[in-house]
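As a plain string of letters, each chain reads:
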Amino acid sequence: MSRMHLLCLASTAIAAAVVATPRAQDVNRAALAARVKAEFLHAWTGYKTYASGHDELEPISKTARDWDPGKPLLMTPVDALDTMILMKLDDEADAARRDIVEHLDVRQDTSVSVFEITIRLLGSLLANYQLTHDQALLDKARSLGDALLPAFSTRTGMPYRFINLKTGATRDVVSNPAEIGTLILEFGTLSRLTDTPVYYDTAKRALSALFARRSKIGLVGENIDVETGEWTNPASHIGGAIDSYYEYLLKCDRLFGDKECGSMWRSSIAALNKYVADQSNGHLWYGTVDMNTGRRTATTFGSLQAFFPAVLVLGGDIGRARRLEDSAFSMWTLHGVEPEEIDYRSMTVTEAGYQLRPEIVESAYYLYHYTQDPRYLEMGQRMFEDLVKYCRTDVGYTVLRNVVTKEQGDRMHSFLLAETFKYFYLLFQPDALDFDSVVFNTEAHPLRRVH
Ligand code: DMJ
């Protein structure tokens, strides 16, 4: 063996040791899927024991949390139900479904975020109706859809951010593309299943109104007044407050065959790749620019932006999807768990928390589906081991306040059970669901394409 060859082998071994990412032959998919299921059950049992009837578990103090104190909307069971069904946890799923049907009050006197309630509750009720055919879930979805509709009564057709489910009172006139543009999959599915066009038409009008206000170079900003239609913040990126708007443009075409959405997606992705995409140290990133000039204003990227490789590969751009997932994974391995945000020029942490987010796992799942490259299984195993190592508690899973020190916080978000565990499970056990027959909403609730 030549000296050069030995050196190469040595440096490969060092790199592998530093990153400690398992090799493809070491990934036992069936065993990993079983572990993911067991960990999901651990988190669910903690919720049932300490927070049953409430929105979320606080797993350090072992207490319950409601988004609006005393007015629970059962966020965790509703978000977790289809994951239980996919994992074939039949007894738990039956009990959770009965609990939701009996106790979820979607008309109570509480002011809710139109976006959060749509992606978590409406998305789940519809997906679970399609999985179980329980008419009570569709009835609740319809009642919720009706309660949300008055939010769209604005001069532009774009909805207020908050609405009271009982009184219909709206608030927060300044919204953002994610909260305006991430409604069409759920409202459209409700229209389909009830044969009532108003839901689809209302959400589509809002989406089109937003798209029509893009800048001359084809970008949207971070905040917009839904009455005047004026932008109040021109920062353009693919992170929080904008992210899933782009996801839904593409998925609206995929789920409903809506060619206008497809065309809005194509013009948007061209602008994103021209102005927002960035290169640093040989890696692909998407940073922040001014929506009107395209001038770069920040070089930050974070755990929320890691949804984008999934959208890129779904849109057919495998090359950029692979490169961006590599970048996101380099953000994960920087400190053993991804932080909320880094500066990708200096590779330093700018927001140190980890909220149990699913996006990077979701992208690994999509990339594995499309490429069958074992690299994504290896990434998945590494991320799952890290999640267990740093975020597991005796009664569930919790957020990290700081990925550098690994200091834990006290919150188990419902999307851990809706998304993070589901995408890990599907990555290791892809035959649990026929990928091409569904479109996942942004909270990982699978909506059926066949109708
Ligand atoms: C989830 O509620 C959804 O994935 C949303 O699109 C973004 N934020 C969380 C997960 O990080």
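Residues numbered from 1 in each chain as written. Predicted model: local features only at pLDDT ≥ 70, side-chain atom pairs only at ≥ 80, totals over all residues. Heavy atoms only, no water.

Draft legend 1. Up close: the site of the ligand. Taken together, the residues surrounding the ligand are Ile 119, Arg 120, Leu 304, Arg 357, Pro 358, Glu 359, Phe 415, Glu 419, Thr 442 and Glu 443. Taking Arg 357, its side chain carries an N or O atom lying 2.8 Å from an oxygen atom of the ligand. A distance of 2.6 Å separates an oxygen atom of the ligand from a polar side-chain atom of Glu 443. Its free accessible area being 290 Å², the ligand has 91% of it covered by the protein chains. (Near = heavy atom within 4 Å. Polar contact = N/O pair within 3.5 Å; in protein donor to acceptor, adjacent residues only side chain to side chain. Areas by Shrake-Rupley, 256 points an atom, 1.4 Å probe, with all protein chains shown as cover.)

Draft legend 2. Fine view of the nonpolar core. Counting residues in each nonpolar core, the largest one holds 147 residues, and the members touching the most others are Tyr 246, Tyr 286, Phe 308, Tyr 397 and Phe 421. The leading source of residues in this core is helix α5 (residues 114–132), at 10 residues. (Core = buried A, V, L, I, M, F, W, Y, C linked by side-chain atoms within 4.5 Å. Buried < 20%, exposed > 50% of the residue type's maximum accessible area, 1.4 Å probe, protein only. Helix = DSSP H or I, 4+ residues; strand = E, 2+ residues; numbered from the N terminus.)

Draft legend 3. Here's a closer look at the environment of Leu 138. Among the structural elements, Leu 138 can be located in helix α6 (residues 135–148). A sequence separation of 237 residues divides Leu 138 from Arg 375, and the C-alpha atoms of the two residues are 40 Å apart. Excluding residues within four positions of it along the chain, Leu 138 makes contact with Leu 126, Tyr 129, Leu 190, Leu 193 and Thr 194. (Contact = heavy atoms within 4.5 Å.)

Draft legend 4. Region of interest: empty space enclosed by the protein. In the structure shown here, the tally under the stated rule is one cavity of 30 Å³ or more. Here the largest cavity defines a volume of roughly 40 Å³. Considering the residues around the largest cavity, the lining is formed by Lys 251, Arg 254, Leu 314, Tyr 366, Phe 435, Val 438, Val 439 and Phe 440. Of all the secondary structure elements, the ones that give two or more residues to the lining of the largest cavity are α10 (243–256) and β21 (438–440). The greatest single-element share of the lining of the largest cavity, amounting to three residues, is contributed by β21. (1 Å grid on protein atoms, 1.4 Å probe; cavity = no way out; pocket = protein on both sides within 12 Å on 5 of 7 lines; lining within 4 Å. Points joined across faces, edges and corners; volume = space filled by probe spheres on them.)

Draft legend 5. Local environment of unusual backbone geometry. With a phi close to 70°, Asp 172 is a non-glycine residue in the positive phi region. As for its position among the elements, Asp 172 is in the loop between β5 (170–171) and β6 (174–175). One non-glycine residue, Ala 241, adopts positive backbone phi at about 90°. Summarising the element assignment, Ala 241 is placed in the loop between β9 (235–236) and α10.

Draft legend 6. Quick peek at the packing of aromatic side chains. As enumerated under the stated definition, the model contains 22 aromatic pairs in all. Taking the centre distance of 5.9 Å and the plane angle of 85° together, the rings of Tyr 365 and Tyr 366 count as edge-to-face. For the pair Tyr 365 and Tyr 366, one class covers both residues: buried. Ring centres of Tyr 365 and Tyr 423 lie 5.9 Å apart, and the angle between their planes is 35°; on these two criteria the pair is classed as tilted. Taken together, the residues span a long stretch of sequence, with Tyr 365 in helix α14 (residues 359–371) and Tyr 423 in helix α16 (residues 415–428) at a distance of 58 residues. (Phe/Tyr/Trp six-rings, centres within 6.5 Å; stacked < 30°, edge-to-face > 60°.)

Draft legend 7. Structural context of the layout of surface pockets. Of the volumes computed, that of the largest pocket is approximately 640 Å³. Taken together, 36 residues make up the lining of the largest pocket; nearest its centre are Phe 115, Glu 116, Ile 119, Arg 120 and Glu 179. Put simply, the parts of the chain that give the lining of the largest pocket at least two residues each are β3 (111–113), α5, α7 (177–181), α10, α14 and α16. Broken down by element, the residue count for the lining of the largest pocket peaks at five residues, all from α5. Residue classes in the lining of the largest pocket are distributed as 14 nonpolar, seven polar and 15 charged. (Nonpolar A, V, L, I, M, F, W, Y, C, P; charged D, E, K, R; others polar.)

Draft legend 8. Representation of the pattern of salt bridges. Scanning all chains against the criterion turns up 28 salt bridges. The partner of Glu 39 in a salt bridge is Arg 392, and the shortest N-O contact between them spans 2.6 Å. Of the two residues, Glu 39 is situated in helix α2 (residues 29–51) and Arg 392 in strand β17 (residues 392–393); the sequence distance between them amounts to 353 residues. According to the relative accessible area criterion, Glu 39 is buried, its value standing at 12%. Of the charged contacts in the structure, one is a salt bridge between Arg 97 and Asp 134, with a shortest N-O distance of 2.8 Å. Taken together, the positions of Arg 97 in helix α4 (residues 90–103) and Asp 134 in the loop between α5 and α6 put the pair 37 residues apart, joining distant regions of the chain. (Salt bridge = Lys/Arg side-chain N within 4 Å of Asp/Glu carboxyl O.)

Draft legend 9. Highlighting the packing of α2 against helix α15 (residues 375–391). Direction vectors running N to C along α2 and α15 enclose 30°, while the axes themselves pass 12 Å from each other. Crossing of α2 over α15 shows left-handed handedness. In contact with Arg 29, Leu 32, Arg 35, Val 36 and Glu 39 of α2, α15 contributes Leu 377, Gln 381, Phe 384, Glu 385 and Val 388. Considering only residue class, the contact of α2 with α15 consists of five nonpolar, one polar and four charged. (Axes fitted to C-alpha atoms, helices over the stretch in contact; angles between N-to-C directions. Left-handed = near helix turned anticlockwise from the far one by under 90°.)

Remember that the coordinates give geometry; whether it matters functionally is a separate question.
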